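Inside the fold
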Amino acid sequence: EPLVEVHALVELDVALSAGAKVIGVNNRNLHTFQMDLVQTEKVTEELTKRGLTFHHDDCLKDKKPQLSVCALSGMSSAHDVDRYRNVGVGMCLIGESLMRATDAGVAIKGLCLDPKEYAASQSVSGGAYTGGTKMIKICGLTNPSDALVACRAGANLLG
């Protein structure tokens, strides 16, 4: 299934009209290059208002969501990944922050891709389990050892 990229809600209208099933929300406005991490949340709010199902946790409940949503651009921390996980986003594409990191392996581990790791990092007692993100793609990898770290941290796709 192709990923159809949107930024503004008018682009969401076009994507849905075309029958898109996988929506990638670019948090970077490609006209101004301004980054707005709230953009993905705006799109998920709009999908919810329209009664469209996309929440990745539905897959765990034997429900089939109508859509899949991927957050694109701007994520650089475990908090960023978790904020999207909590609004039902099933995929995150992470690239630039890893390209800029002095040690991509350390940066990948710091993303806490496994929700249990994120919960543990937020609480001494380990915290409660949060439903996991279904797919994480790590871009910008340049050597096999960093790719291995990404796989062990829970990444599904590498680039």
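To keep things clear, this report deals only with the structure shown in the data block.

Reading the values: rules and limits
Residues numbered from 1 in each chain as written. Predicted model: local features only at pLDDT ≥ 70, side-chain atom pairs only at ≥ 80, totals over all residues. Heavy atoms only, no water. Core = buried A, V, L, I, M, F, W, Y, C linked by side-chain atoms within 4.5 Å. Buried < 20%, exposed > 50% of the residue type's maximum accessible area, 1.4 Å probe, protein only. Helix = DSSP H or I, 4+ residues; strand = E, 2+ residues; numbered from the N terminus. Pairing = 2+ DSSP bridges. Contact = heavy atoms within 4.5 Å.

**Things to note about the nonpolar core**
With 30 residues, the main nonpolar core has Ile23, Leu47, Tyr84, Cys92, Ile94, Ile108 and Ile138 as its most contacted residues. Mapped by element, the contributors of at least two residues to this core are helix H1 (9-17), strand E2 (22-26), helix H2 (39-49), strand E3 (68-72), helix H3 (78-85), strand E4 (91-94), strand E5 (135-138) and helix H7 (144-153). In terms of residue count, H7 provides more of this core than any other element does, four residues in total.

**So, the pairing of strand E1 (residues 3-6)**
Here four bridges tie E1 to E2, and the two strands are oriented parallel to one another. Paired with Glu5 across the strands is Gly24, a residue of E2.

**Considerations on H2**
Taken residue by residue, H2 has Gln39, Thr40, Glu41, Val43, Thr44, Glu46 and Leu47 as its buried positions. Among the residues trailing H2, Gly51 stands out with phi positive, at a value near 75°.

**Considering the environment of Glu46**
Along the polypeptide, Glu46 turns up in helix H2. For Glu46, a relative accessible area of 16% puts it in the buried group. Filtering out sequence-adjacent residues up to four positions away, Glu46 remains in contact with Leu9 and Leu12.

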